[in-house]
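Reading the structure
Okay, here's what each chain looks like letter by letter:
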Protein chains: 4
Amino acid sequence: MTNRNTRRAGRHFLQIPGPSNVPDSVLRAMAQPVIDHRGPDFPELTERILEKLNRVFDCSGPVFVYPASGTGGWECALLNCLSPGDRVLACETGHFATLWKNVAEKLGLEVQWLAGDWRHGIDPQRVEDSLRQDSDHSIKAVLAVHTETSTGVTSRIAEVRAAIDNAGHPALFMVDAVSSLACSEFSHDDWKVDVTVSASQKGLMLPPGLCFNAVSDRALESAAQAVSHHSYWRWDAMLENNQRGYFPYTPATNLLYGLDEALSLLLAEGMDNVFARHARLARATRSAVSAWGLENVCLDEREFCNSTTAVLVPDNCDADVLRKLILERFDMSLGTGLGRMKGRIFRIGHIGDFNELMLAGTLSGLEMGLELAGIPFSKGGINAALDCLAGD
Amino acid sequence: MTNRNTRRAGRHFLQIPGPSNVPDSVLRAMAQPVIDHRGPDFPELTERILEKLNRVFDCSGPVFVYPASGTGGWECALLNCLSPGDRVLACETGHFATLWKNVAEKLGLEVQWLAGDWRHGIDPQRVEDSLRQDSDHSIKAVLAVHTETSTGVTSRIAEVRAAIDNAGHPALFMVDAVSSLACSEFSHDDWKVDVTVSASQKGLMLPPGLCFNAVSDRALESAAQAVSHHSYWRWDAMLENNQRGYFPYTPATNLLYGLDEALSLLLAEGMDNVFARHARLARATRSAVSAWGLENVCLDEREFCNSTTAVLVPDNCDADVLRKLILERFDMSLGTGLGRMKGRIFRIGHIGDFNELMLAGTLSGLEMGLELAGIPFSKGGINAALDCLAGD
Amino acid sequence: MTNRNTRRAGRHFLQIPGPSNVPDSVLRAMAQPVIDHRGPDFPELTERILEKLNRVFDCSGPVFVYPASGTGGWECALLNCLSPGDRVLACETGHFATLWKNVAEKLGLEVQWLAGDWRHGIDPQRVEDSLRQDSDHSIKAVLAVHTETSTGVTSRIAEVRAAIDNAGHPALFMVDAVSSLACSEFSHDDWKVDVTVSASQKGLMLPPGLCFNAVSDRALESAAQAVSHHSYWRWDAMLENNQRGYFPYTPATNLLYGLDEALSLLLAEGMDNVFARHARLARATRSAVSAWGLENVCLDEREFCNSTTAVLVPDNCDADVLRKLILERFDMSLGTGLGRMKGRIFRIGHIGDFNELMLAGTLSGLEMGLELAGIPFSKGGINAALDCLAGD
Amino acid sequence: MTNRNTRRAGRHFLQIPGPSNVPDSVLRAMAQPVIDHRGPDFPELTERILEKLNRVFDCSGPVFVYPASGTGGWECALLNCLSPGDRVLACETGHFATLWKNVAEKLGLEVQWLAGDWRHGIDPQRVEDSLRQDSDHSIKAVLAVHTETSTGVTSRIAEVRAAIDNAGHPALFMVDAVSSLACSEFSHDDWKVDVTVSASQKGLMLPPGLCFNAVSDRALESAAQAVSHHSYWRWDAMLENNQRGYFPYTPATNLLYGLDEALSLLLAEGMDNVFARHARLARATRSAVSAWGLENVCLDEREFCNSTTAVLVPDNCDADVLRKLILERFDMSLGTGLGRMKGRIFRIGHIGDFNELMLAGTLSGLEMGLELAGIPFSKGGINAALDCLAGD
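Residues numbered from 1 in each chain as written. Chains lettered and ligands numbered in written order. Predicted model: local features only at pLDDT ≥ 70, side-chain atom pairs only at ≥ 80, totals over all residues. Heavy atoms only, no water.

Re the domain arrangement of chain A
All names here are of chain A. Split by domain assignment, chain A resolves into domain 1 (13–21 + 270–391) and domain 2 (24–267). The distance between the C-alpha centroids of domain 1 and domain 2 comes to 27 Å. Listed as interface residues are 34 residues of domain 1 and, on the opposing side, 31 residues of domain 2. Between domain 1 and domain 2, the buried area comes to about 2,600 Å², and carbon and sulfur atoms account for 56% of it. Considering only the surface of domain 1 that becomes buried against domain 2, M271, E303 and R340 emerge as the three largest contributors, covering 23% of it. Seen at the junction of domain 1 and domain 2, the total is three salt bridges. For E303, the salt bridge goes to R156, with nearest N and O atoms at 3.1 Å. On inspection of domain 1 and its partner domain 2, the count reaches 16 residue pairs in polar contact (both at pLDDT 80 or more). Elements with a contribution of two residues or more to the side of domain 1 that touches domain 2: α10 (271–292), β11 (295–296), β12 (308–312) and β14 (345–349). With four residues, α10 is the largest single contributor of residues to the side of domain 1 that touches domain 2. (Domains from an automatic or database assignment. Contact = heavy atoms within 4.5 Å. Buried area = accessible area lost by both parts, 1.4 Å probe. Salt bridge = Lys/Arg side-chain N within 4 Å of Asp/Glu carboxyl O. Polar contact = N/O pair within 3.5 Å; in protein donor to acceptor, adjacent residues only side chain to side chain. Helix = DSSP H or I, 4+ residues; strand = E, 2+ residues; numbered from the N terminus.)

Pasting the structure below:
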């Protein structure tokens, strides 16, 4: 084997399920000089961004942008709408659903936990049953993760919405769309989501540092009643300032520059084309996984995921050894198994600014890595993927 | 007057008291591709940054970096150390001290408000008196703004520290160094500050989007006892992850790239040189203000400010009319009067990546603007400033 | 004096008479990835650039863009139109006119040298006289520098054109507009220029690396006859390729990206506004020079220069000592005296992406530098300039 | 097939044989502000670059850097060393060798043309024979292209050198290393090359816009005697200025910034590692071509090329139809057939900042494209390449 040293030639393949590959033009947009966030030119930027966010979240109400990580978006949703002691129904789909539950508990909420096996999405029937049993409507909100990044399973949010309606339950519907927004079809308004939580570093093709809350009128009404102790995340101050084109405190101006550009790129491609592209690349990835004889974590094809494919390695194999080998040998980062999946899976991110040949490189790296790591598998995943991509 | 259209030639002069002028190399650093925040290369970045932050905050304990605005840093400090119902002593120095007090109240704290006239810094004696009166030590923390951005007054933090010591009071000492860090001398350890709150967009020469908490052992001990409901801001998770070179959730990677570069620039110049430069530019600015016959908001020369000079306009003049004229005519942004100062003052930011000739351009814009706005003043401020700069 | 070290804070003031200050957006445009210069998308870029160049040169014929320095543009013009042994009339206006003459001689041309004093532009009458004396039309071309960068003198090209016409002489008219294009009014077509030579790093607000030849039909006809030995500079290959949107060899793609952006910025401002801005800034600069009691190299006010002001220092003073002091103390680069002007003058560039407050900073640096260097002068140049700028 | 519109997601694959993929850090380096090319800081940049160029060209004499395309480098070499009417021996290896010959003829040189079949490199024996026949040493220079970009054939320059020596002929040895430098082993000094011509946009990983002449003492001596008419390309002025850290006219400063960074990257990787990487990627590419049952233009394995693989399509197929399909469908640019190869071949560039997974994406795009274009071939090239890369 050729000696290799620390300077790695060529592009790093960042195939974790987020942060995703960021377009060059977004990085360059972020390098623009800072402007006065209280000056007369700022509202034009704010308004341009908010108008485009409405199209991407498919909503007509406010979308709030915070200088924060995605986990801040969870906290923001809960603090604004709920008060300590309130009860929420949270659905276990994997590691991130669990983390959101943990946040809820830290905020003093009482969590009813709908346990799951990490290989399926949310069962709408179980949500409906749980809500029907809550005859006094003590449950104030249902928490659902759309795409569970840790497992590559995409829950059927429209059906969960229907379940809530069927139960005739007034709970708010809070959805984490961090890993699904701008990857899979998502409609805040049509699905009557009350708070959609998202973040910048996945389908939005930005570096991390911004989180979002898209909110319904019902959510705003709840916020007027809630009594949690908080200030930074307050929607009321955000709403009032946004309406004039400003923010209640200094916004992350340069990330907003990037957001402005990234949203323009998505809308220029067309959201339906964006979804179709991700679906196409995800399909090709699953073809490769099948051909390798490996198992997708996601067991229900209705819940296949456009943004991430999580793959089980055979028993007695360590997925992290494979990941390390691929990183060192082929300069590609893959996602690790989280929580109970530690060591058992690797996750392939195929989101963001990504295309067919980048995917082919990604799957090639995996095919070589699987062989070099001595993991039992059948060669030919790359061929299955190319057949899929060429035939699509 | 020559017709002017929307494309403004040349550099915008961003002379608000923050965000400040960002070095080109920091903007370019932020345009580097995102890397895996869970990968093996990330700890090197984290450790490099944390080591340099210790030198800039002049502290040996942890400095926590959050993807958030500076106001988030206030909330972070209060939530970690205190519990709802706790009492704090907060010192009114201006608009930002008031905002911090408001945050404390929203978090359920009981605020003892040491009123001020917005033209002086904190009176150490009054702090000592207040603490002495609190014989049962119900005050859990003293909140002090080092440089009050809204007035250009820099409180004598070392003397406030001495006042607390003189009173023999165990309250935590929380200092907002948002506008003073890397502008004026500041020592977290020597001044026995328990939590220093700061942000990226002032002396650190970065775009907004990061806030900081530098914390003492006593603050960490308090955090172990406090019972506020929060998750995003938790120091314990941050500390545990930082020690391994990581963050508890996705950090704002590209702002960290910028931070890494900005800290290197500051340390290459040398912190003492950085302070001396800011002092020199501030002195020249005050020379100009005096020569114009205008009044500095700051009345006590021991409290003159290295980062911002706030200037009163004569009665019957509207400072915002002046600011608007200067922006339109000379493409320079100045700070507006905040709160009770609205319309009565303009503020000159002379922070960040700034030098003599940039200041000369700034003061020239003001001298022309004052004349064009018809504000009564004496010409020659620019000459006084140049004399000062050439003689320094 | 405060200790200063190698890291200079704030912006460098690049006030040489070119390269000029480049807009950030031009630098960012240059950082776009390279594309296939033979691919189907390239012609769109080429055509966009060539269309805008026609507007900036004010011409309808071809403008050729070469990856080369401006001096290459001189050679390009001469090699294409002329043959070794041909005679040209060249007008001495300063250092660059002399260099162009030297190039002509190296190319085997016979130069008739119209000597000048370096403090005036070209005398149209002398051109007319010389041409009238050339009754057999042995002079094949007249070489004129529009703005002589070494002296800050702008010759009256329209009058030189009239002189040629008055003499009824068929010589080609070649004009160096390196330092005048996009600074002072210039019309290739109206002035019946046969070859306009220019470069990227002055009024066009780009880094150096591109030169231009705008050519007339007559110049193209001459090129078809000329027999010089050359290949790189050939207009015929350039013309043929340009017409299809390509270049005969690999173009400097990333400089073309920058050119595309810079031309858009100029045209967005409006060429008349661009000229007016440069005129306004030049006027203010001359006010300062007068107030200092120093002498402008340019003696004829009809020849005052929009892009550069060259200033004589008193006898016994060394302009280079002043320049060095200003660079070290205030981080500003000024132009040196060239050729016979060495040590006797400094040159202030006020071109490119430049505005009022940048000029105020520039003149402030000079006023402080003159004093610190002990050069006899009267203070108050900055005030005269501000009066001029505020009154304009 | 999914509808696709004009915004292409993900990275363009620029797999032409130059310009090559440019590292992000090189693009960012080029976005630094321009500095004074006559100022005291410039020599540091010049010297840093020249020192590194010596290591990359493996020479101890001067390397001259011109703001120009690579074709300018040909002209530069010929004009400096030769005089019109001089005789040169030029070796036909393909399109670029032919173009260089054309340049020589335009410069008035008499070319003895050693015809070739475009599928082999230079035959050293024929060079030796030709020189032996030139008993009066009328041949002043031998012109050889090291890697012929149009065919992907790398001539054995060391053996050509030996042939010249064997013939005992004093002709200068001029080598075009445009497509070989920093791709294949090259030693200006060891191979006693008199002028090495190269350019920025291939192995040096820069955008186009710079060309190079590395010169021997003998070449410098010839230059002192030659009488061609030229000025821009003069080595004497370049040498004299370089020795003081400057350039005789305004250099392309921002391309020099990029060069400085690119050279550092190459040397950090280590030239031997750079060559080994290119060899590895080229080998894998040839494996794919063989597996596809397609024919490499290069017929002699001693002349296999590290930077480009040119592939014949079967008779009755049009390589340009394939290239167009691949560009439209998979956003990858491949090299076209030039001159007599038009339509018969496509060329795969695997140079510059390039690695295994980028190559896998490239070959995947080809494998899909060949199928979609209906070109008779055997699938499995990608597998052969991965076997090669994984086994290497």
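Additional details are given in the paragraphs that follow.
Regarding the relation of the copies chain A and chain B
Aligned on chain B, chain A shows an RMSD of 0.0 Å; the corresponding rotation is 180° and the shift along the axis is 0.0 Å. With respect to symmetry, the two chain copies, as superposed, fit the operation of a two-fold axis. The position closest to the rotation axis in chain A is occupied by the C-alpha of A68(A), lying 2.5 Å away. An overlap of 98% is found between the interface residues of chain A and their copies at the interface of chain B, pointing to a shared contact surface. (Least-squares fit on C-alpha atoms with pLDDT ≥ 70 in both.)

Points about the pairing of strand β5 (residues 139–145) of chain A
Residue and element names in this part refer to chain A. Of all the seven residues making up β5, six are buried; the element is thus mostly covered by neighbouring parts of the structure. In the sheet, β5 pairs with strand β8 (residues 172–176) via five bridges, with the strands oriented parallel. What sits directly across from A141, in β8, is L172. (Buried < 20%, exposed > 50% of the residue type's maximum accessible area, 1.4 Å probe, protein only. Pairing = 2+ DSSP bridges.)

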